[in-house]
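# Overview (structure and organization)
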Amino acid sequence: MLMCFVLSSMLWSQDKKISGTVTDQEGVPLPGVNITIEGTNQGTQTDFDGEFSINVTEGDMLKLSYLGFKTQTQTVTQQNYINVMLMEDSSQLDEVVVVGYGTTGKKDITGSIVTIDSKAITERSVTNISNALQGAAAGVSVTRSSSEPGAGNTIRIRGNTTLQGDNSPLILVDDIPVGSLNDVPPDQVESISILKDGAASAIYGSRAAAGVIIITTKRAKTGVTRVTYNAEYFINKPTKEREYVDALGYMQLDNEKVWNDAGNNENLYPQWSEETINEYTSGTAELNRDLYPDTDWAGLILKKQTTGTRHNINVSSGSEKLKTNLSLGYENQDAFYANRDWTRFTTRINNDIKVTDKIGVIADINFRLVEDRRPILDPTGDALQAAPIYAALWEDGRIAEGKSGNNVYARLNEGGSYSGDSYQFGGKLGIFFKPIEALKISLNLAPRFDFFKSKSFSKTVRYWAFDDPEMLGSSAFIQDHGSTNLNEKRTNNNSITTQAIVNYNKKFNKHSVELLGGYEEYSNESEGLEVLGREFLSNDFPYLSQAPTDKVFDDGSYISETAYASVFGRFNYNFDNKYYLGATVRRDGSSRFSSDYRWGNFPSISAAWTISNENFMESFEPISFLKLKASNGSLGNDRLGNYLYLSVLQISDVLIANGANAELVRGLAQRYLTTPDISWETTNSTNFGVELGLFDDRLSLEGEYFIKKTEDMLLSLSVPDLVGFDDPTVNVGSMETKGWEVQASWNDRIGDDFNFSISANVSDSESIIGDINDKRLFSGNTLSEEGSQFRELYGLQSDGLFQTQDEVDNSPLTSDAVKPGDVKYKDLSGPDGTPDGVINDFDKTFLGSSGPRYYYGGRINLDYKGFDFGLVFQGVGKYNFNLGADYIQPLVGGWLTPSKEYASSYWSVNKTPEENLSVKYPRISSTSNSNNYRFSDYWLMDGSYLKIKTLSLGYTIPSKALEKTGVFNSIRLFASANDFFTFDKLPDGVDPEQASGRGYFLTKSFVFGIKANF
C-alpha cells in the first residue's frame, strides 16, 4: 500500500498538460502573450482567443509577459485550467508615447510630456474628456463652471501665457487641429499626450505657446477581432444646494431693510403690514394663496435630479492587409428644468490599409451631431431666488403676474423654445511610402466641416389679475414677452489641413537617430448669418416668412478667414540609452500678419542623461531608473483677432440729422487704427526635470521646474478718444510664469491575485506682469500692471463691521449713508499718496491671486479576483473665492429672496451688541449696498477644497464562466459616484468651482453600467 502511494506521487509529479486563458483587466483575451517556464527554455504563446496549453510539472513557475502589461508569475498547482489577468503597466519605460507627428519611447523623452491612457479616462464615466482630466496630470488645471448638458471647461497648462489673448492649449486629434477637446467622446480615445514645455511643443510652433494636447483615437490591431458594448445610466444631482427663506422670512427681512433705510423710526412694518404678516404666522394665509402667496419657485420649476444614458459600440478587426476600427456613440441627457433635451450621436471609422510591403493608406472618417432642445431661458438662478411672496400661478391655474410681470415660471413654460443642431464631419486620408525600413514618407489630407443652425422663438405671454378668472378685463405682458420674435442663425466653419512628412529612424551599434521634416498648411473659413423677425401675429408658426416684411432684420453677419503655412524639423539622438539630445525648429507664417512680419521661427533644444544606465550605478540596487533632463524652446501666439494690420471698413446703421429729423442710413467707416508691423507674440520656455524609479520601477517619482517668459505680448494700446478710433493692438509688454510640478506613483501586486496602484501629483505656478508700457489693464475685479500677478484681485481692504454710531462718526467713509452694521474699510491712500479721510478708488490695493494655487490630484486602483475599485481625487490648496452678490446679497434688485445663510448671521439692531460681534454679514439695507457689496477682501473666502471626483466599484465575470454562452468573452458590471464628496470651508450651498450663483448647477453623478466584450 505504501508502494502504491509513492508510485502515485511520482506519477503526479511528472509532466502534465494544463490549459488556460489570459485576459486584460476588462476580460478581453490577449493574443500573443509569451508564457515560459522559469529556469527552462520551454514556452508557448496564447492564440487568437487568448488561450494556451503547455506541459508542466506541479510547482513550476509560469512567467507571462506582454508589451504594455506587467510581467506576472503563476505557480502550477493541481489545477488543469487557469485564468490569468494581466495588469496594464502605465509606468513601463518601454511604453510608446505619442509626440508631435510621431511616437517615441517613454524612456527617450527629453521634454515634459505626460500620457493618460484610455482606462484612466473611461473609468471616470463622464460626458467630456476635459472632465476626466481633472486631477489627472501635474501642471494641468481644469475648471468647471457649469454641468449644463454640453458645457465645456476651462483648461490651462502650466498657468497663463498671454494677457489679452487666448490661453487655451492647442488641441489635436490624430495630429490634426480641432476646435475643442470635447470633439471626441471618451470611449473613442486610446491615449492623451499633454505637451507642457517648449521642447515638446515647439514642433507645433505658432499655436503651442499655451501647451498642446494630442488625442489618439483607437485603431485596430493585426490578428485581433473585438466587439465591445458599453452602456451607462446616470443620475445627476447638484453638488451643493442653496436654501432661501420662505414668504414670512422674506417679509420680515424686507421690512427690516426699509426700516433701516428710514432711520429705524417707530414704523416697524413699513413694507408689509402687521396684518399681512399675521395672516402667515396664524396659518390663515393658506386659505387664500391668491391674496397671500407663498410660492416655492424652485420646487415648481426645478427637478431634484436629472438622468441620462450613454451607449457606445466598438468593433475592431485586423488582418495583415486591412485593419478597421468602428466606434458608434449615443448620449442623451435632460436638465433640472422642463423641456430640455440634449442628444449627441458620434461615429468614427479608422482604417489602416496595407497596399504593398512598402505602401500603406490611412482612411479615417468621423461624424458628430449634437441636438439641443430647450426653453427660451435657463431658469435656474431666478427659480432659486424669485421672491415667494409673489405668485407664479393663480389658484385656478392661470398665469399670475409674479413681480411686476417678472414670472420665470411663465417664461419657462409659455415663453417659447430654442433648438440648435451642430453637425461636424471630418476625416483624414493619408498615404505613406517606406522605401527602406528606416525611412517613411507620408502625405495627409484632413478636411473638417462644421455646420450649426439654431432657432430661438420667443412668444408673447399674457397675464390677468387674480380676480378676473374669465379674463374679461385688460391683460398685460410677462416681462420680455410683449411680442413674438424669431431669431435664426446659420454658421459654417470649414478647415483643411495638409501635411507632407518625412521620418527617418535608425539604430546602429550604440547610436540611435531620429530625423523628421515636414511641411503643413492649414486654412479655415468661417461664415455666419443671423436674421431676426419681430412682431409675429401668431405664436404658432416659428418661420421667418410669417413675420411682417418690414420687421425682418439682419441681426449679425460675418465672414472670417485664417491660414497658416509651416515647415518644421526635429532631430533626436541617443547614445547607448544614456545620453540624449533633441532639437526642433518650426517656421510659421500666419495670415493674421502682413507679408513683412508674417513669418516666425520657433526653435528648441533639449538634453537628458539617464544616469541609471551608467556602470557605476550597478551597486545602487534600489534605483532602477534615474534621468536628468533640461530643455529650452520658443513658442508663438497670434490669437487676438484677424486683419489687425489692415484698414478694415465696417458697415453699420447710423443716424444722420436731416433738418429736425434723424434719418437711419447705412454707413461705412474704419473703426480700428491699424498696426502694419504687428507680429508674433513669443514665449520662451525653460524646463528642468528629474525622473526616478525605485524598486524595479514600482515606485516612480518625477519633479520639474519651469520658467515661461512671454515677450512682445499682443495688447490693446490706449489712444485718446479724440482720435476717433478704438484702441489698436500692438506688440508691447512681457510676462513671466514660474512654477513646479511633482508626481509620484506606486504600482505593485501582492500574491497572484491582488494588484494595486497609487499615484498623486501637485503643481503650482505664478505669473508676474513685466513691462506693459505703463498700462493698467482692468478685467472685472482684477488689475494687471507691471509687477503685479496676472489679473490680480484689486479692491478695498476691510476692517470688519461698524458696531456703533460713534465708530462711524470717527472713521473714513464711502458715503453719508454708512451706518452701524455696514462694512468698514481701511483708508490706505489719497490723491497725493497718503490717507485722506475718505474711502474711494485711491484706497484700492492688490488683494492676492485671482486664480487657484497648488493644484493636486491622484488615483487609487485595486484589483482582486475580478473585482476592481477606483478612487480619483482632485483639489486646490489655496484659492481666494469671491462670495459675490449673486450668492449672498439679500433682496437683489429690490425683490430677490435672501438666502438662509444670510438670514442666519447678519448684523441687526434687533440683536445684542455681543451677538453682532460674531455675525458674518452686514446689515440689510438698500442705501448701503454700494458700500457693503463693493469688491473688497471682506468677501474673499478660503476657497481651497478637496473633491472625490470618482468612486467606482466593478466586477468582471471570468471568461471561463461565460464560455457556455458562446457569445461573451467578458462582462463587467460597475457603479460609480462622481463628485460625490466635497470638503471645503465655504458657506452652505456654495461650490468652490463655481464662481457665479446664478448659473446652472454643478452636479454629482451616480453611474450604473455594463461593459460586454464579444
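Residues numbered from 1 in each chain as written. Predicted model: local features only at pLDDT ≥ 70, side-chain atom pairs only at ≥ 80, totals over all residues. Heavy atoms only, no water.

The line we're drawing: UniProt positions are given in the numbering used here, feature names are shortened, and annotations may be inferred rather than shown by experiment.
If you check an unreviewed UniProt entry, the protein appears there as TonB-linked outer membrane protein, SusC/RagA family from Maribacter ulvicola. The UniProt entry for the protein carries the following comment under Sequence similarities (unreviewed entry): "Belongs to the TonB-dependent receptor family." Taken from UniProt, the Subcellular location (unreviewed entry) comment for the protein reads in full: "Cell outer membrane".

### Observations concerning the environment of isoleucine 194
Which entries qualify depends on this criterion: The secondary structure listing takes helices from DSSP runs of H or I that are at least 4 residues long and strands from runs of E that are at least 2 residues long, numbered from the N terminus. Each residue is assigned to one of three classes by its accessible area relative to the maximum for its type, calculated with a 1.4 Å probe on protein chains only: buried under 20%, partly exposed between the two thresholds, exposed over 50%. When checking whether two residues touch, look at their non-hydrogen atoms; a contact exists if any pair is within 4.5 Å.
Of note, isoleucine 194 is situated in strand 15 (residues 189–195). When its relative accessible area of 0% is taken as the criterion, isoleucine 194 is described as buried. Counting along the chain gives 55 residues from isoleucine 194 to glycine 139, while the straight-line C-alpha distance between them is 9.8 Å. Apart from residues lying up to four places away in sequence, isoleucine 194 is in contact with Ser112, Ile113, Val114, Ile116, Ala137, Val140, Ile157, Val212 and Ile213.

### Digging into the UniProt feature "domain: TonB-dependent receptor plug" (unreviewed entry) in the protein
When the UniProt feature table is mapped onto this chain, "domain: TonB-dependent receptor plug" (unreviewed entry) is found at residues 106–212. Across residues 106–212, the secondary structure splits into 12% helix and 25% strand, with the terminal C-alpha atoms separated by 17 Å.

### A look at the sheet that holds strand 13 (residues 170–173)
Quick reminder of the rule: Here the rule is simple: two strands pair whenever DSSP picks up at least two bridges between them.
An order of 10-15-16-13-14 is seen for the five strands of this open sheet, with the pairing classed as mixed. With partners counted over all chains shown, the strands left at the sheet margins are strand 10 (113–117) and strand 14 (176–177), one partner each. Pairing analysis gives two bridges linking strand 13 to strand 14, with the strands arranged antiparallel. When the sheet's bridge partners are listed, leucine 172 is paired in strand 14 with proline 177.

### A closer look at the packing of aromatic side chains
Rules: For this analysis, a ring pair means two rings from Phe, Tyr or Trp (six-membered ring only for Trp) whose centres lie within 6.5 Å, classed as stacked if their planes differ by under 30 degrees, edge-to-face if by over 60, and tilted for the remaining angles.
Scanning the entire structure with this criterion turns up 31 aromatic pairs. Relative to tyrosine 204, the ring of tyrosine 101 has its centre 5.1 Å away and its plane inclined at 35 degrees; by these criteria the two rings are tilted. Of this pair, tyrosine 101 sits in the loop between strand 8 (96–99) and strand 9 (102–105) while tyrosine 204 sits in the loop between helix 4 (198–201) and strand 16 (212–217), and the two are 103 residues apart along the sequence. Look at tyrosine 101 and you get buried, because its relative accessible area is 6%.

### Description of the domain arrangement of the protein
To keep it simple, the criterion reads: An automatic or database domain assignment provides the domain bounds reported here.
Domains assigned within the protein are domain 1 (16–88) and domain 2 (96–220). If you average the C-alpha positions of domain 1 and of domain 2, the two centres end up 36 Å apart.

### Let's talk about the packing of helix 5 (residues 247–261) against helix 6 (residues 274–282)
How we decide: To get an axis, fit a line to the C-alpha atoms, keeping to the stretch in contact for a helix; angles then go from 0 to 180 degrees between the N-to-C directions. Any angle between 65 and 115 degrees counts as roughly perpendicular, while under 35 counts as roughly parallel, over 145 as roughly antiparallel, and the rest as oblique. A crossing counts as left-handed when the near helix is turned anticlockwise from the far one by less than a right angle, and as right-handed when that turn is clockwise.
For the pair helix 5 and helix 6, interaxial distance at closest approach is 10 Å and the crossing angle is 150 degrees. On the basis of their axis angle, the class for helix 5 and helix 6 is roughly antiparallel. Crossing geometry of helix 5 relative to helix 6 is assigned as left-handed. In this structure, helix 5 contributes Ala247, Leu248, Met251 and Asn255 to the contact, and helix 6 contributes Thr276, Ile277, Tyr280 and Thr281.

### Comments concerning a negative patch on the surface
The cut-off we apply is this: What makes a patch is a set of residues exposed beyond 30% relative accessible area and free of salt bridges, joined within 9 Å when like-charged and within 5 Å when nonpolar (Val, Leu, Ile, Met, Phe, Trp, Tyr). Reported accessibility uses the Shrake-Rupley method at a 1.4 Å probe radius. Residues are deemed covered only where the shown protein chains occlude them. Salt bridge criterion: a side-chain nitrogen from Lys or Arg within 4 Å of a carboxyl oxygen from Asp or Glu. Neither His nor the chain termini are counted; the positive set is Lys and Arg, and the negative set is Asp and Glu. Just so you know, the charge point we use is NZ for Lys, CZ for Arg, CG for Asp and CD for Glu.
Residues Asp246, Glu286, Asp294 and Asp296 make up a contiguous surface patch of negative charge. Relative to the elements of secondary structure, aspartate 294 occurs in the loop between helix 6 and helix 7 (297–301).

### Section: the side chain of lysine 16
Worth spelling out the cut-off: In protein, a polar contact means a hydrogen-donor-capable atom and an acceptor-capable atom, both N or O and within 3.5 Å, with residues adjacent in sequence counting only if both atoms are side-chain atoms; elsewhere, any N or O pair within 3.5 Å suffices.
Of note, lysine 16 is situated in strand 1 (residues 16–23). Among buried charged residues, lysine 16 stands out as having no salt bridge; its nearest opposite-charge side chain is glutamate 58, 6.3 Å away. A distance of 3.2 Å separates a polar atom in the side chain of lysine 16 from the backbone oxygen of threonine 77. Once residues lying within four places of it in the same chain are set aside, the contact partners of lysine 16 are Ile54, Asn55, Val56, Val76, Thr77, Gln78, Gln79 and Asn80.

### Quick word on the side chain of serine 928
For serine 928, the position within the fold is in the loop between helix 13 (913–916) and helix 14 (929–932). Overall, serine 928 belongs to the buried group, its relative accessible area being 1%. Engagement of the side chain of serine 928 in a polar contact is seen with the side chain of aspartate 822, the distance being 2.8 Å. Sequence-distant contacts of serine 928, defined by excluding residues within four places in its chain, comprise Ala817, Val818, Asp822 and Arg923.

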